[in-house]
Every structure is written in structure tokens, then in C-alpha cells.
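Examination of the molecular architecture
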Amino acid sequence: MTLYKLPKLSFSYDALEPFIDRKTMEVHHDGHHKDYVTKLNKTLEEYPEFQKRIEELLGGIETLPSEVRTSVKNNAGGHANHSLFWTILAPKSQGKPRNELNELINKTFGNFSTFQEKFTSEAVEHFSNGWAWLCAHKGEVKLLATKDHESPISHGMTPLLVLDLWEHAYYLKYQNRRAEYVQAFWNIINWDEVSNRWQEFKMKGATSREWRMAG
Ligand code: MN
């Protein structure tokens, strides 16, 4: 069963240099992410009734049989989070969110640089492996961090922006200097994609967004 597939990157492995180096991208995408996809397919081999869109799978973690629940949570979360992460990265950042999302961020946080500071401290101060998020929830945006590969989708939220905080995401280049990695992230955000995610959330509701998992 190969329902879930490793998505191709829309840019080359060295396209995010010098902020994220080629070797990290190769190991991260072809190693770590691929393993989550392989393990997720393996875990659900004997459970065809649960082979569904990744958002539905993550939205219904509690309905899974207990013997596969932890494995699905880890590997479906790993697959979904990385798939999203690749789409919100871009070699040339447009600097800021667009239109409505820009206004909402200003309204919620006061201004863009305060939002940046709050996201940065959420990401830098998060203890252990995990992810930092900007999510849409009930017409608002909120910041949070999750542990391991826990997805905000499992809590009814829609991810807009995400940053991988696992050491495998930055250790080759930044070692223990997570703060430098988080700072570098601001140079490679695909704000068009993030802004589009907000527009689609507004138009279609929380669970409709496709994860672009072709490839
Ligand atoms: Mn990762």
C-alpha cells in the first residue's frame, strides 16, 4: 500500500542557501521525511479503512485502534508537517504576508515586527523537538508550539505558517544555535503561500485545504 507519497520539493536542495544548507535539505527530505512516509504506509497496511486524506486521518486520531494510534500520530504528523513546511519555504522571501492576513497579523499582534518577535521566542524557547506554528482558528490567528510531530489539525486548527524545531532541521549548520536558525527562517518564507492558505481557510473552512502531496 503506497497511499502516502513523499512530495517533491518545488526548489533545488541548495536553493535555500545560505539560510538552510544543501546537506541538511537532502538528509531532511530524502531521509527523515521519507522515513515517516514509509512508516505511515507500513502502519496502515492492515487498516484500509483508515487510509484516507492526511487531514482526515489527523483530525480523527482518537478514532484509530489503540495499537496503531501512536505510530500514526508520529508518522502521519511527521508526513503532514514536513509536507506543509516545504511549501511555505522559498528561495526568495517576499518579506511580509499579503492583504487580509497582513491586516489580521497587525490587528492581533500590533505590528509585523511584534509578531516576528513572538513567533521567534515561541520557537527558540520551545523545549525539545517539535514545531512552531501560526494557525487559523475560528476567524483568528494564534501562535503555538507542539511537541514531537503533533499537528494542530488534531485540535481543530488550520496551520498557516510552520517551522521545524527538531535538531535534524538545523544541527548540521547551526549545531546548538537554534536562535540563529530561527532568525534565518525569516529570509526564506513563502508569504504568498501562507497568505493563500489564510484566504482558502476563510473561503472554505478549516478542513478543506489540500496539502499538495503530489509527487
Ligand atoms: Mn524535520
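Note on the manganese ion: its protein donors are H28 (NE2), H82 (NE2), D164 (OD) and H168 (NE2). The metal-donor distances range over 2.0 to 2.1 Å. Binding-site remark: the manganese ion is held by donors from one chain whose sequence spacing is H-x53-H-x81-D-x3-H. With H82 in helix α3 (residues 66–87) and H168 in the loop between β3 (158–164) and α6 (171–174), this residue pair connects regions lying 86 residues apart in the sequence. Accessibility expressed as a relative area gives 18% for H168, which makes it buried.

A word on the packing of helix α4 (residues 99–109) against helix α5 (residues 112–125). Where α4 contacts α5, the axes come no closer than 8 Å and their chain directions differ by 75 degrees. By the angle between their directions, the pair α4 and α5 is classed as roughly perpendicular. On the side of α4, the interface is formed by I105, N106 and F109, while α5 contributes F112, T114, F115 and K118. Here the residues of the contact of α4 with α5 are counted per class, giving 4 nonpolar, 2 polar and 1 charged.

A large share of strand β1 (residues 130–137) lies buried, amounting to 7 of its 8 residues. With 8 bridges connecting them, β1 and strand β2 (residues 140–147) associate as antiparallel partners. Counted as the bridge partner of W131 is T146 from β2. Sheet analysis places β1 next to β3, joined by 6 bridges and oriented antiparallel. Bridge assignment links L134 to a residue of β3, and that residue is L161.

Okay, helix α1 (residues 22–43) next. Along its 22 residues, α1 runs 30 Å from first to last C-alpha, staying within 8% of the 32 Å computed at 1.5 Å per residue. The largest bend in α1 amounts to roughly 30 degrees and is located at H28. Taken residue by residue, α1 has T24, M25, H28, H29, H33, Y36, V37, L40, N41 and T43 as its buried positions. Of the surrounding elements, those touching the buried residues of α1 are α2 (54–59), α3, β3 and α6.

Evaluation of the coordinates by the stated rule reveals 16 aromatic pairs. Seen from their ring centres, F112 and W186 are 6.4 Å apart, and the 80 degrees between their planes marks the pair as edge-to-face. Here W186 lies in the loop between α7 (178–185) and α8 (191–204) and F112 lies in helix α5, a separation of 74 residues in the sequence. Residues F112 and W186 agree in their burial class; the two are buried. Measuring from centroid to centroid gives 6.5 Å for F115 and W191, while their planes differ by 65 degrees, and the two rings are edge-to-face. With a gap of 76 residues between them, F115 in helix α5 and W191 in helix α8 connect regions that are remote in the sequence. What makes F115 buried here is its relative accessible area of 0%. What makes W191 buried here is its relative accessible area of 0%. The rings of F109, F112, F115, F119, F185, W186 and W191 are connected pair by pair, giving a single aromatic cluster. The ring of Y174 carries K173 above its face, with NZ or CZ at 5.7 Å from the centroid.

Now for the packing of α4 against α8. Taken N-terminus to C-terminus, the directions of α4 and α8 make an angle of 90 degrees; their axes are 8 Å apart at the nearest point. Between α4 and α8, the angle falls in the class roughly perpendicular. Seen from α4, the contacting residues are E100, L101 and L104; seen from α8, they are V194, S195, W198, Q199 and K202.

What the rule picks out here adds up to 8 salt bridges. E100 is paired through a salt bridge with K202; the nearest N and O atoms lie 3.3 Å apart. Taken together, the residues E100 in helix α4 and K202 in helix α8 connect sequence positions 102 residues apart. Put simply, R177 and E180 hold a salt bridge, and the shortest N to O gap is 3.0 Å. With relative accessibility at 34%, the residue R177 sits in the partly exposed group. Given a relative accessible area of 41%, E180 falls into the partly exposed group. Three or more residues are tied together by salt bridges with common partners; here these are D14, R22 and E26.

Basis of the calculations
- Just so you know, the residues in each chain are numbered from 1, in the order the chain's sequence is written.
- Local features in this predicted model are restricted to residues of pLDDT 70 or higher, and side-chain atom pairs are both shown and tallied only at a pLDDT of 80 or more, whereas totals for entire chains, interfaces and linings draw on every residue.
- The side-chain quantities take in all heavy atoms of the structure and omit both hydrogens and water.
- Water is not part of the atom set, so a site may look incomplete; the donors themselves are N, O and S atoms within 2.8 Å of the metal, or 3.2 Å for Na, K and Ca.
- A run of H or I in DSSP counts as a helix once it spans at least four residues, and a run of E counts as a strand once it spans at least two, with each numbered from the N terminus.
- The classification of residues rests on relative accessible area computed with a 1.4 Å probe and restricted to protein chains. Under 20% of the type maximum is buried, over 50% is exposed, and intermediate values are partly exposed.
- The axes used here are C-alpha line fits, helices contributing only the stretch in contact, and every angle between their N-to-C directions lies in the interval 0 to 180 degrees.
- Put simply, angles under 35 degrees are roughly parallel, angles over 145 are roughly antiparallel, angles from 65 to 115 are roughly perpendicular, and the rest are oblique.
- Contacts: residue pairs with any heavy atoms within 4.5 Å of one another.
- Put simply, Ala, Val, Leu, Ile, Met, Phe, Trp, Tyr, Cys and Pro go in the nonpolar bin, Asp, Glu, Lys and Arg in the charged bin, and everything else, Gly too, in the polar bin.
- When DSSP finds two or more bridges between two strands, those strands count as paired.
- Multiplying 1.5 Å by the helix residue count minus one yields the expected span of that helix.
- The reported bend at a residue is simply the angle between two axes, fitted to the 7 residues ending at it and to the 7 residues beginning with it.
- Two rings belonging to Phe, Tyr or Trp (six-membered ring only in the last case) form a pair when the distance between their centres is within 6.5 Å. Interplanar angles under 30 degrees mark stacking, angles over 60 mark edge-to-face geometry, and anything in between is tilted.
- Only Lys NZ and Arg CZ are tested; either one counts as a charge over a ring when it is within 6 Å of the ring centre and within 35 degrees of the ring normal.
- Salt bridge, as used here, is a side-chain nitrogen of Lys or Arg placed within 4 Å of a carboxyl oxygen of Asp or Glu.

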